[in-house]
Amino acid sequence: MHLISAFLFWGHLGCTPQDETDTATLEPVACQTLPEGDVSLPLDERPHNEDVEWWYWTGHLQDEDGRWYGFEQVFFSFRYAGMDAMMAHHAVTDVEAQHFDYVAFYGVDEKPAVLDQGFEFQMGSLTAEGANGVDVLHGELERTTLDLKLTSTKAPVLQHQTGYTEYPFGGYTYYYTRPRMSAEGTLVVDGESRAVTGSAWFDHQWGALIEATNVGWDWFALQLDDGREIMVFLLRPEDGLLVAGATVTDADCNSNEIHDVTVTPLGEWTSPATECTYPMGWDLQVGDEVFTLSPVMEDQEIGESYKTYWEGAATVDGAATGRAYVELTEYCD
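Counting starts from 1 at the beginning of each chain's written sequence and moves along it residue by residue. Owing to the predicted nature of the model, reporting of local features is limited to residues with pLDDT of at least 70; listing and counting of side-chain atom pairs is limited to 80 or more, with chain, interface and lining totals taken over all residues. Just so you know, side-chain values use all the structure's heavy atoms and leave hydrogens and water out.

Peer 1: Describe the side chain of Thr 93, naming the residues involved and giving the relevant values.
Peer 2: Following the sequence through the fold, Thr 93 ends up in strand β3 (residues 83-94). The contact partners of Thr 93, leaving out residues within four places of it in the chain, are Trp 68, Tyr 69, Gly 70, His 99, Phe 100, Val 296, Met 297, Gln 300 and Tyr 325. Helical segments are the DSSP runs of H or I of at least four residues, strand segments are the runs of E of at least two, and each set is numbered from the N terminus. Only heavy atoms matter for contacts: two residues are in contact if any of them lie within 4.5 Å across the pair.

Structure, rendered in structure tokens:
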């Protein structure tokens with residue numbers, strides 16, 4: 001695993017190793033270099049002693065016939081009513097069949113094991129383990145079983161510039177992203193095994209996040225065909241003072257924080273299962289560019305008694321083309 005991780009920072013997106021005789025005179029480039037800030041990698045891949053923490057994967061897969069599938073897998077660790085608890089979600093969107101399914105698991109008096117490096121989880125039919133930018137996921141639903149190996153093809157990104165920020169409404173977060181991970185594995189659909197490849201996005205976030213999870217947010221993870229990735233967030237506290245921002249990472253792994261951000265909904269959708277109404281379709285203005293996101297299907301809702309939210313795959317058009325994942329929380333009364 002460690003040899004693979006060392007290789008990936010040399011071998012992707014134009015960041016290829018030089019001859020040994022040249023390396024002594026070359027400056028490191030962003031695609032090879034771990035970022036420095038308030039998050040320290042690989043140490044901070046491990047669990048932390050914080051109120052809330054999550055390890056979050058979303059992505060886009062394609063089988064040998066060109067069919068597109070979106071997926072989500074996440075493990076949460078949190079303190080609830082004075083107790084440690086964990087939660088795990090897994091979802092698959094079959095774009096061609098317009099079918100969405102998910103599963104959720106909960107555990108009280110549970111907390112993640114602290115390893116020497118990386119992480120390892122199992123809840124119900126869901127597992128995840130990883131270190132140094134190589135992750136292995138397994139998830140089972142009634143119709144599908146997904147097994148994936150994910151390998152980071154770009155250096156991690158420290159969100160909010162240093163990997164840390166304090167919220168104006170209270171609380172703080174540490175936050176880093178692996179915005180482009182190659183994916184390969186198998187997806188069993190109705191008993192038929194299909195080889196799949198694609199691209200994934202990984203977020204790891206921890207801190208005093210109870211208040212942030214309650215105010216509601218819109219989150220967008222764009223992987224563009226021109227080699228860029230963009231993370232956009234919109235926090236919606238009850239006082240109406242929206243908090244928005246973005247991080248743009250270019251094809252050479254250089255990241256910039258953008259504060260000139262506007263999120264404009266283009267429509268809405270009301271869930272027949274929960275009666276929650278979500279915005280549906282968005283124009284994202286990030287600096288001087290506008291991106292239009294369109295969901296591949298409307299019903300990509302995770303409807304659970306503890307936390308109901310919308311998490312789904314989308315297409316990107318406008319200033320650039322690509323694919324995205326969108327998360328919408330606290331839209332239920």
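Peer 1: How would you summarise the side chain of Ser 77 if you had to cite specific residues and measurements?
Peer 2: Checked against the element boundaries, Ser 77 lands in strand β2 (residues 68-80). Exposure categories follow from relative accessible area, calculated using a 1.4 Å probe and restricted to protein chains: below 20% of the type maximum is buried, above 50% is exposed, and the middle band is partly exposed. On the accessibility criterion, Ser 77 (12% relative accessible area) is buried. Each residue touching Ser 77, except ones within four places of it in the same chain, is listed here: Asp 51, Val 52, Glu 53, Trp 55, Ala 85, Met 86 and Pro 112.

Peer 1: Kindly report on the environment of Gln 117, identifying the contributing residues and their values.
Peer 2: Residue placement: Gln 117 occurs in the loop between β4 (99-108) and β5 (119-123). Of the residues examined, Gln 117 reaches a relative accessible area of 33% and is grouped as partly exposed. Along the primary structure Gln 117 and Tyr 309 are separated by 192 residues, whereas in three dimensions their C-alpha atoms are 31 Å apart. A polar side-chain atom of Gln 117 sits 3.4 Å from a polar atom in the side chain of Asn 132. In protein, a polar contact means a hydrogen-donor-capable atom and an acceptor-capable atom, both N or O and within 3.5 Å, with residues adjacent in sequence counting only if both atoms are side-chain atoms; elsewhere, any N or O pair within 3.5 Å suffices.

Peer 1: Go over unusual backbone geometry with me, naming the residues and quoting the values.
Peer 2: Leu 41 connects to Pro 42 through a cis peptide bond whose omega is 10 degrees. As for its placement among the helices and strands, Pro 42 is situated in the loop between α1 (2-11) and β1 (52-63). Here Glu 330, not a glycine, exhibits a phi torsion of approximately 60 degrees, which is positive. Structurally, the position occupied by Glu 330 is in the segment after β24 (322-329).

Peer 1: Provide a residue-level description of the nonpolar core, including the pertinent values.
Peer 2: Among the nonpolar cores identified, the biggest contains 32 residues, and Trp 57, Leu 61, Phe 71, Phe 75, Leu 148 and Leu 150 are the most heavily contacted of them. Within the residue set of this core, elements represented by two or more residues are β1, β2, β3, β5, β6 (126-131), β8 (144-152), β11 (172-189) and β12 (192-208). In terms of residue count, β11 provides more of this core than any other element does, 5 residues in total. Discounting chain neighbours no more than four positions away, the residues touching Phe 75 are Glu 53, Trp 54, Trp 55, Trp 57, Met 87, Ala 88, Phe 121, Gln 122, Met 123, Leu 126, Thr 127 and Ala 128. Residues grouped as a nonpolar core are buried Ala, Val, Leu, Ile, Met, Phe, Trp, Tyr and Cys residues, joined through side-chain atoms within 4.5 Å.

Peer 1: Can you break down the packing of aromatic side chains residue by residue, with the values?
Peer 2: Any pair of aromatic rings gets described here by the distance separating the centres and the angle formed by the planes. Aromatic rings from Phe, Tyr and Trp, with only the six-membered ring used for Trp, were paired whenever their centres fell within 6.5 Å, and each pair was classed as stacked if the ring planes differed by under 30 degrees, edge-to-face if by over 60, and tilted otherwise. All told, the structure shown has 23 aromatic pairs when counted by the stated rule. Taking 6.5 Å as the distance between ring centres and 50 degrees as the angle between the ring planes, the aromatic pair formed by Trp 55 and Phe 119 counts as tilted. Residue Trp 55 is found in strand β1, and its partner Phe 119 is found in strand β5; the two are separated by 64 residues along the sequence. Residue class for Trp 55 comes out buried when judged on its relative accessible area of 0%. Relative to Tyr 102, the ring of Phe 100 has its centre 6.2 Å away and its plane inclined at 35 degrees; by these criteria the two rings are tilted. Under the relative-accessibility criterion, Phe 100 is labelled buried at 14%. The partly exposed category is assigned to Tyr 102, whose relative accessible area is 23%.

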